[in-house]
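For reference, the chains in residue letters:
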Amino acid sequence: MLGGKSPAADFRPIRAGALLAACLLLLLAFAPAAPAETGPPLVFGMSAPFRGSNRGLGIEFYRGAAAYLSHVNDHGGVNGRRIEILPLDDGYDPDRAVRNTIDLVRERKVFGLFSYVGTPTATRVLPLLKRFEDDGVLLLFPLTGAHNLREPPYGRFVYNLRESYRTEAQGLVDHLVAVGRTRVAVFYQEDAYGRSGWDGVRRALKGYGLNMAGEASYRRGAEIGGDFAEQVRLIARAEPQAVITVGTYGACAAFIRQARDAGLDAPIAGVSFADADNLLNILQADSAEAGRDYTRDLVFSQVVPSYEDQALPAVGLYRRLMDGRAPMPPDGLAEAYTPNRFSFVSFEGFLNAMLLVEAVRRMPPAPRRADLAPALESIRDFDLGIGDPVSFGPGRRQGLSRVYFVTVRNGLLVPIRDWNAWWLR
């Protein structure tokens, strides 16, 4: 690989011991049903977009987590208790996320907060976690790579499974620079999410003595059919050799389509929150309608391995359970949506649920909220079945430390093994 490997993209070998532990964990998942329930369920509250233009993120995240928890509950739960998700729709609106959080903690009395979706929403909730400090309320495994969930003053109330946007941006920039693409522009959402990714790209470029070639932003809430002509014009004027997008799948798809129609042929990259699966669905439909390929020269960073890598034990279990028991959100909560059979977002939600179950397993049979943090921090070098061990501890609130990269080939999202070959194809 030209220029050496990026630390963010290091494909470390799977250790035999970790893989064996993962296999045993997954075998136990298929054990006969445990004895009857011995206590009330542990309920975790989830605020996410189940309606609106970004509902695919919330619905897929929920489906992945619910698929694994349904399986565990069907086999007796953990220590005789069911683990349940109580989902509320926030429409990707920060104010509604705040109201949902107050409701979940004060009125619904949930055990903890789990798998929130989005930086602007999770960021707005952070002060509430401080307010609820005496109640021992924690936010577990949100779908955001924003750095303010990983640093003082609020990072101690959040446990993250996924890597940060800074690391995703660093990996993208490392690889683009390694293949000679040093003029990098950024298209980003004008809020905490977009600025977090923008800052990650800026920091990564600065490490090479480079500045952004250009930038353009858009307001959160843009629809799939939004007009991004001005943003395309600003980016194209910078004559970039590559563009990194930090947005939602509908907005990024519209930008890509309009950029290609305007003659901007530089490679376009996206971070994990762009939801590459739903973005690809949109672009494939646009390609069929327009008679041109909008899926060419795309790359996405991801924080979980490919759901096509069936050599990984967790992938095999995920695919089996998603095909058999991946529920949609409760009736009336979500707008109409055609789910993906598999996706990176639902696989991340699935892994979140696996880790949640392991944390509950490590708590006393009659757990309290105060038991959750010690249980999480006892998790060291624990393999969920993806070959990358999860570790928490005092001062360590992020479990995984790896980024993956995929591109589109024959209508599928496939891993990039050799960036030179990807670029020169």
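The structure reproduced in this document is the subject of the present report. This structure is a prediction, so every number in the text was calculated from the model and none was measured.

Calculation rules
- Residues numbered from 1 in each chain as written.
- Predicted model: local features only at pLDDT ≥ 70, side-chain atom pairs only at ≥ 80, totals over all residues.
- Heavy atoms only, no water.
- Helix = DSSP H or I, 4+ residues; strand = E, 2+ residues; numbered from the N terminus.
- Buried < 20%, exposed > 50% of the residue type's maximum accessible area, 1.4 Å probe, protein only.
- Contact = heavy atoms within 4.5 Å.
- Polar contact = N/O pair within 3.5 Å; in protein donor to acceptor, adjacent residues only side chain to side chain.
- Pairing = 2+ DSSP bridges.
- Axes fitted to C-alpha atoms, helices over the stretch in contact; angles between N-to-C directions.
- Salt bridge = Lys/Arg side-chain N within 4 Å of Asp/Glu carboxyl O.
- Right-handed = clockwise from strand over helix to strand, strands pointing away.
- Core = buried A, V, L, I, M, F, W, Y, C linked by side-chain atoms within 4.5 Å.
- Parallel < 35°, antiparallel > 145°, perpendicular 65-115°, else oblique.
- Left-handed = near helix turned anticlockwise from the far one by under 90°.
- Nonpolar A, V, L, I, M, F, W, Y, C, P; charged D, E, K, R; others polar.

Observations concerning the environment of Asp261
Of note, Asp261 is situated in helix H8 (residues 249-261). For Asp261, a relative accessible area of 46% gives the class partly exposed. Spatially, the C-alpha atoms of Asp261 and Arg362 are 54 Å apart, while their sequence positions differ by 101 residues. Beyond its immediate sequence surroundings of up to four residues, Asp261 is in contact with Arg292 and Tyr294. At 3.2 Å, the side chain of Asp261 and the side chain of Arg292 are in polar contact.

Brief notes about the sheet that holds strand S7 (residues 214-218)
Whether parallel or antiparallel, the strands of a sheet pair through hydrogen bonds between backbone atoms. The strand order across the open sheet built from 7 strands is S7-S6-S8-S9-S10-S11-S12, with neighbouring strands paired in mixed fashion. Since the sheet does not close on itself, it has two edges, and those belong to S7 and strand S12 (412-415), each with one partner. For this sheet, the mean inter-axis angle between neighbouring strands, taken without regard to orientation, is 25 degrees.

Considering the sheet that holds strand S1 (residues 42-48)
Taken in spatial order, the 5 strands line up as S2-S1-S3-S4-S5 in an open sheet, and their pairing is parallel. With one partner strand each, in any of the chains shown, strand S2 (83-89) and strand S5 (158-159) form the two edges of the open sheet. Alignment of strand S3 (residues 112-114) against strand S4 (residues 139-140), held across 2 bridges, turns out to be parallel. Counterpart to Leu113 in the pairing with S4 is Leu139.

Things to note about the pairing of strand S10 (residues 298-302)
Within S10, 5 of the 5 residues are buried, leaving the element largely enclosed by the surrounding structure. In S10, alternate side chains face the same way, and those of Leu298, Phe300 and Gln302 on one face and Val299 and Ser301 on the other are all buried. In this structure, strand S9 (residues 268-270) lies alongside S10, joined through 3 bridges in parallel fashion. Paired with Ala269 across the two strands is Val299, which belongs to S10. Alignment of S10 against strand S11 (residues 404-409), held across 4 bridges, turns out to be antiparallel. Across the sheet, Ser301 pairs through a bridge with Phe405, a residue of S11.

Quick look at the pattern of salt bridges
Taken as a whole, this structure holds 25 salt bridges when the rule is applied. A salt bridge links Glu358 to Arg361, with the shortest nitrogen-to-oxygen separation between them at 2.5 Å. Of the two residues, Glu358 and Arg361 both sit in helix H11 (residues 344-361), 3 residues apart, roughly one turn of that helix. Here the residues in one salt-bridge network are Arg166, Asp199, Arg202 and Arg203, joined through shared partners.

Some remarks on the pairing of S7
Across the two faces of S7 the burial differs, with Gly214, Ala216 and Tyr218 buried and Glu215 and Ser217 not buried at all. Across 5 bridges, the pairing between strand S6 (residues 184-189) and S7 is parallel. Pairing of Phe187 across the sheet is with Ala216, part of S7. In terms of handedness, the path from S6 via helix H6 (residues 192-206) over to S7 forms a crossover that is right-handed.

Observations regarding the nonpolar core
Ranked by size, the top nonpolar core spans 123 residues in total, and within it Leu140 and Phe141 carry the most contacts. Sorting elements by how many residues they give to this core places H11 first, with 12 residues. Sequence-distant contacts of Phe141, defined by excluding residues within four places in its chain, comprise Phe61, Phe114, Ser115, Tyr159, Asn160, Leu161, Asn352, Leu355, Leu356, Leu376 and Phe392. Within the second largest apolar cluster, 20 residues are counted, among which are Phe132, Val137, Leu139 and Leu149.

Thoughts on the packing of helix H2 (residues 55-74) against H11
Closest axis-to-axis distance for the H2/H11 pair is 7 Å, and the angle between their directions is 40 degrees. The orientation of H2 with respect to H11, classified from their angle, is oblique. For the crossing formed where H2 meets H11, the hand is right-handed. On the side of H2, the interface is formed by Leu57, Glu60, Phe61, Gly64, Ala65, Ala67, Tyr68, Leu69 and Val72, while H11 contributes Val345, Ser346, Glu348, Gly349, Phe350, Asn352, Ala353, Met354 and Val357. Residues of the contact of H2 with H11, tallied by class, amount to 12 nonpolar, 4 polar and 2 charged.

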